[in-house]
Amino acid sequence: MTDDQQMAGILGELTAAMADAPPSTESYWTSDELHGLYERFEREPDLPLTDGQRRLFIAHRARRAASSRIRGLLSSLKKAAERGGVTATAEAAVLAEACVRAGLAEW
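All figures in this text were calculated on a predicted structure; none of them were measured in a lab. (Residues numbered from 1 in each chain as written. Predicted model: local features only at pLDDT ≥ 70, side-chain atom pairs only at ≥ 80, totals over all residues. Heavy atoms only, no water.)

**Student:** Describe in detail the packing of helix 1 (residues 3-20) against helix 4 (residues 89-101), supporting the description with residues and values.
**Tutor:** Between two packed helices, the angle of one axis relative to the other and the distance separating the axes together describe the packing. Here helix 1 crosses helix 4 at 30°, and the two axes come no closer than 11 Å. When the axis of helix 1 is compared with that of helix 4, the two are roughly parallel. Seen along the crossing, helix 1 lies across helix 4 with a hand that is left-handed. Taken together, the residues of helix 4 that come into contact with helix 1 (itself represented by Leu11, Leu14, Thr15 and Met18) are Glu91, Ala92, Leu95, Ala98 and Cys99. In terms of residue class, the contact of helix 1 with helix 4 is built from 7 nonpolar, 1 polar and 1 charged. (Axes fitted to C-alpha atoms, helices over the stretch in contact; angles between N-to-C directions. Helix = DSSP H or I, 4+ residues; strand = E, 2+ residues; numbered from the N terminus. Parallel < 35°, antiparallel > 145°, perpendicular 65-115°, else oblique. Left-handed = near helix turned anticlockwise from the far one by under 90°. Contact = heavy atoms within 4.5 Å. Nonpolar A, V, L, I, M, F, W, Y, C, P; charged D, E, K, R; others polar.)

And the structure:
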């Protein structure tokens, strides 16, 4: 696979991952108690919860998984750039910035 093909694949996957990422749930975290309950939910999936809590926690888990996938793709992008294999630099920069602004990756 050429560098251009690999880069096109990474950028395509990154675009798809951003589109598939659920909206942020951060504004719904109203208390430390809710954070603690989420941590328990991660350890005990059958924990009794309200429907709203369960939906929030499942959405948060999905967002974290999407963020993890995006960070992996950005790492691949970084490695390609270090090798000099990034030819679509403008597109790569726009996507990377969009990921950071969307809270799906850290800068």
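Read on, since the account is not over.
**Student:** Account for the nonpolar core, with residues named and values stated.
**Tutor:** With 19 residues, the main nonpolar core has Leu14, Ile70, Leu74 and Leu77 as its most contacted residues. Secondary-structure elements contributing two or more residues to this core are helix 1, helix 3 (51-82) and helix 4. The greatest single-element share of this core, amounting to 6 residues, is contributed by helix 3. With sequence-adjacent residues up to four places away left out, Ile70 is seen in contact with Leu14, Ala17, Met18, Cys99, Leu104 and Ala105. Formed by 9 residues, the second largest nonpolar core is a distinct cluster that contains Trp29, Leu34, Phe41 and Leu47. (Core = buried A, V, L, I, M, F, W, Y, C linked by side-chain atoms within 4.5 Å. Buried < 20%, exposed > 50% of the residue type's maximum accessible area, 1.4 Å probe, protein only.)

**Student:** How would you explain helix 2 (residues 32-43) if you had to name every residue and give the values?
**Tutor:** When the terminal C-alpha atoms of helix 2 are compared, their 17 Å separation across 12 residues agrees well with the 16 Å that a helix rising 1.5 Å per residue should span. Residues of helix 2 that are buried: Leu34, Leu37, Tyr38 and Phe41. Buried positions in helix 2, seen along its axis, are confined to an arc of 105° and lie on one side of it. Exposed and oriented more than 90 degrees from the buried face of helix 2 are Asp32 and Arg43. (Expected span 1.5 Å × (residues − 1). Arc of directions from axis to C-beta.)

**Student:** Mind laying out the packing of aromatic side chains, listing which residues take part and the relevant values?
**Tutor:** The geometry of an aromatic ring pair comes down to the distance between the two centres and the angle between the two planes. Applying the stated criterion across every chain yields a total of 3 aromatic pairs. With 6.3 Å between their ring centres and 45° between their planes, Tyr38 and Phe41 make a pair best called tilted. Here Phe41 and Tyr38 lie together in helix 2, a separation of 3 residues that amounts to about one turn. For Tyr38, a relative accessible area of 6% corresponds to the buried category. (Phe/Tyr/Trp six-rings, centres within 6.5 Å; stacked < 30°, edge-to-face > 60°.)

**Student:** Just give me the short version of helix 3, but keep the residues and values in it.
**Tutor:** Its 32 residues give helix 3 an end-to-end C-alpha distance of 46 Å, which sits within 8% of 46 Å, the value for a rise of 1.5 Å per residue. Considered for burial, the residues of helix 3 that qualify are Leu56, Phe57, His60, Arg63, Ala66, Ser67, Ile70, Leu73, Leu74, Leu77 and Ala80. Contacts made by the buried residues of helix 3 are with helix 1, helix 2 and helix 4. Phi turns positive one or two residues past the end of helix 3, at Gly84, with a value near 80°.

**Student:** Hey, could you go over the confidence of the model for the protein for me, with residue numbers and the actual values?
**Tutor:** The pLDDT averaged across the protein works out to 86; a share of 98% of its residues lies at or above 70. The secondary structure element of the protein with the lowest average pLDDT is helix 1, at 87, and the one with the highest is helix 3, at 90. (pLDDT = per-residue confidence, 0-100.)

**Student:** Pulling in residues and values, what's your account of the pattern of salt bridges?
**Tutor:** Under the criterion given, the structure shown has 3 salt bridges. A salt bridge links Glu44 to Arg40, with the nearest nitrogen and oxygen atoms 3.6 Å apart. Note on Glu44: relative accessible area 34%, which makes it partly exposed. Classification of Arg40 as partly exposed rests on a relative accessible area of 36%. The partner of Arg101 in a salt bridge is Glu97, with the nearest N and O atoms 2.7 Å apart. (Salt bridge = Lys/Arg side-chain N within 4 Å of Asp/Glu carboxyl O.)

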